[in-house]
Amino acid sequence: MEMDLQEVQTFAIAIAEQAGEIVCKKRLEAKLSHEFKYGNELVTNADLAADKFISEEISKRYGSHLILSEELSPDIGNLQEIQESVWIVDPIDGTVNFAHGHNQSAISIAYVEQQQVKIGVVYNPFTKEMFSALKGGGAFLNDSPIRIVNEPALDRAIIATGFPYEKSNLEPMIQRLRVVLHHCADIRRLGSAALDICWVAAGRLDGYYESLCIWDFAAARLIAKEAGAECGHFSDVPEGIDPQFHPDDLLIANPVLYPELKRILGSAAEKETPLKSLG
Ligand code: IPD
Ligand code: CA
Ligand code: CA
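Throughout, a residue's number is its position along its own chain's written sequence, starting from 1. Written order determines the labels here, with chains lettered from A and ligands numbered from 1. Confidence filtering applies because this is a predicted model: local features only for residues at pLDDT of at least 70, side-chain atom pairs given and counted only at 80 or more, and all residues used for totals across whole chains, interfaces and linings. With hydrogens and water set aside, each side-chain value is computed from the structure's full complement of heavy atoms.

> I keep staring at the coordination of the calcium ion (ligand 3) and nothing clicks. Help me out?
Six octahedral donors around a metal ideally subtend angles of 90 or 180 degrees, whereas four tetrahedral donors ideally subtend 109.5 degrees. Metal sites are built from N, O and S donor atoms within 2.8 Å, or 3.2 Å for Na, K and Ca, and they leave out water, so they may look incomplete. Surrounding the calcium ion (ligand 3) are the protein donor atoms Glu70 (OE), Asp90 (OD) and Ile92 (O), at 2.2 to 2.4 Å. Each donor residue of the calcium ion (ligand 3) belongs to the same chain, and together they define the spacing E-x19-D-x1-I.

Right under this line is the structure:
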């Protein structure tokens, strides 16, 4: 069933704000538990509490919708084959920042209807910045429209990226970092992929690249697209895979810089240098 998207967006914004209050409160209480899932991925009780709150609110309001959320239901099958509406939730993106008292963390919520991301909401409760977009309706920071900045020169551009928790295959990432750093003005590793992408949308960054999970980027990608960013990949998307859901080798940048970044990132991966010889 098609929904009134404005109404769904208002709801998504409201639950992101309320989840934000939960995570801020948990940090103030200074009772954060630190657990490591899969051996090295930090997860706190605030991640779990926010996920539970968001998932319960969605189920109460939209009982027939499915929920794909990082902590409570990370695997619901192939999004391209699901007929029902789906919510994609990262209860805290930037958990390491959150747990270390940094303020670059966000609640990320995307709404998918008929296999299309229709709504994206990314909320930083520490700065009270609400990034949002409804497909075809532009992107907003709080109530103001946002647009990318068309910086034309890569050597003036600030590019963000990130690194995975799993460190067994760092060489290609280091090689890409080396090549991009040579060409751009500077690099940022801010610690929240969802906010990195929203910062491209708001013109605070000129480009961003990384491999992620769907909950890290589903909402922010729509926000960046609606703000005029080019959203794609610096390697080929496998045949039959919908690019909007493909998490590997994401590249999001202003359309002027996009082709050059894609070229240098692509060529960096081709000529991988073993760590030992990096000097
Ligand atoms: C992480 C952040 C980080 C990115 C990692 C993600 P989490 O998400 O977005 O910036 O580099 O790849 O896993 O674990 O804080 O939700
Ligand atoms: Ca995340
Ligand atoms: Ca998370």
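> Sorry, what's going on with the packing of helix α5 (residues 193-201) against helix α6 (residues 214-226) here?
Any two packed helices are characterised by how steeply their axes cross, that is the angle between the axes, and by the distance between the axes. Every axis in this analysis is a line fitted to C-alpha atoms, fitted for helices over the stretch in contact. Angles between the N-to-C directions lie between 0 and 180 degrees. Per the convention used, a helix needs a DSSP run of H or I reaching at least four residues, while a strand needs a run of E reaching at least two, with both numbered from the N terminus. The geometry of α5 relative to α6 is characterised by a closest axis approach of 8 Å and an angle of 5° between their N-to-C directions. If you check the angle between α5 and α6, you find them roughly parallel. Contact residues: Ala193, Ala194, Ile197, Cys198 and Ala201 in α5; Asp216, Phe217, Ala220, Arg221, Ile223 and Ala224 in α6. Class assignment of the residues belonging to the contact of α5 with α6 gives a composition of 9 nonpolar, no polar and 2 charged. Should an angle lie under 35 degrees it is considered roughly parallel, over 145 roughly antiparallel, and from 65 to 115 roughly perpendicular; all remaining angles are considered oblique. Here a residue-residue contact requires only that any non-hydrogen atoms of the pair lie within 4.5 Å. Classes in brief: Ala, Val, Leu, Ile, Met, Phe, Trp, Tyr, Cys and Pro nonpolar; Asp, Glu, Lys and Arg charged; the others, Gly included, polar.

> Which parts of the structure should I look at to understand the layout of surface pockets?
Remark: the empty space left among the atoms is shown by a probe the size of a water molecule rolled over them. Estimated volume of the largest pocket: approximately 850 Å³. Lining the largest pocket are 37 residues, and of these Phe163, Pro164, Tyr165, Glu210 and Asp216 lie nearest its centre. Among the secondary structure elements, those contributing two or more residues to the lining of the largest pocket are β2 (41-44), β4 (86-93), α3 (95-99), α4 (171-183), β12 (207-210) and α6. Residues that form the lining of the largest pocket fall into these classes: 15 nonpolar, 9 polar and 13 charged. Two domains each donate at least three residues to the lining of the largest pocket, and these are domain 1 (5-145) and domain 2 (154-269). Put simply, the grid is 1 Å and covers the protein atoms alone, a cavity is a trapped set of points that fit a 1.4 Å probe, a pocket is an open set with protein on both sides within 12 Å along at least five of seven lines, and lining residues have an atom within 4 Å of a point. Grid points are joined across faces, edges and corners, and a volume is the space filled by probe spheres set on the points. Marked domain ranges trace back to an automatic or database domain assignment.

> Would you explain unusual backbone geometry in this entry?
Apart from glycine, the bulk of residues carry a negative phi angle, and the bulk of peptide bonds sit in the trans form. Its identity is not glycine, yet glutamine 115 carries a phi of approximately 60°, on the positive side. Among the residues examined, glutamine 115 registers a relative accessible area of 21% and is labelled partly exposed. Think of it in three bands: with a 1.4 Å probe and only protein chains considered, a residue is buried below 20% of the maximum accessible area for its type, exposed above 50%, and partly exposed in between.

> Help me out: how do you make sense of α6 in this one?
Each α-helix turn comprises 3.6 residues. Residues three or four places apart therefore point the same way. The first and last C-alpha atoms of α6 sit 18 Å apart over 13 residues, in line with the 18 Å expected at 1.5 Å per residue. Here the bend at a residue is taken as the angle between two axes, fitted respectively to the seven residues that end there and the seven that start there. Alanine 220 marks where α6 bends most, by close to 30°. In terms of burial, α6 is largely enclosed, as 12 of its 13 residues are buried. Where α6 is concerned, the buried positions are Ile214, Trp215, Asp216, Phe217, Ala218, Ala219, Ala220, Arg221, Leu222, Ile223, Ala224 and Glu226. Residue glycine 228 follows α6 closely and has a positive phi angle near 100°. Multiply 1.5 Å by the residue count of a helix minus one, and that product is the helix's expected span.

> Would you take a moment to explain the UniProt feature "binding site: Mg(2+) 1" (unreviewed entry) in the chain for this structure?
The feature "binding site: Mg(2+) 1" (unreviewed entry), as annotated in UniProt, sits at Glu70, Ile92 and Asp216 in this numbering. Taken together, the annotated residues stretch across 147 residues yet fold into one region, lying no more than 9.4 Å apart by C-alpha. Lining the largest pocket, from the residues just named, are Glu70, Ile92 and Asp216. Position of isoleucine 92 among the secondary structure elements: in strand β4. Mapped onto the elements, aspartate 216 comes out in helix α6. For aspartate 216, a relative accessible area of 12% corresponds to the buried category. Dropping the residues within four chain positions of it, aspartate 216 is found in contact with Asp90, Asp93, Ala193 and Ala194. As used in this structure description, the phrase polar contact means that two N or O atoms lie within 3.5 Å; if the pair is within protein, one of them must be able to donate a hydrogen and the other to accept it, and residues adjacent in sequence are counted only when both atoms belong to side chains. Within polar-contact distance, the side chain of aspartate 216 engages the backbone nitrogen of cysteine 213 at 2.8 Å. UniProt positions are given in the numbering used here, feature names are shortened, and annotations may be inferred rather than shown by experiment.

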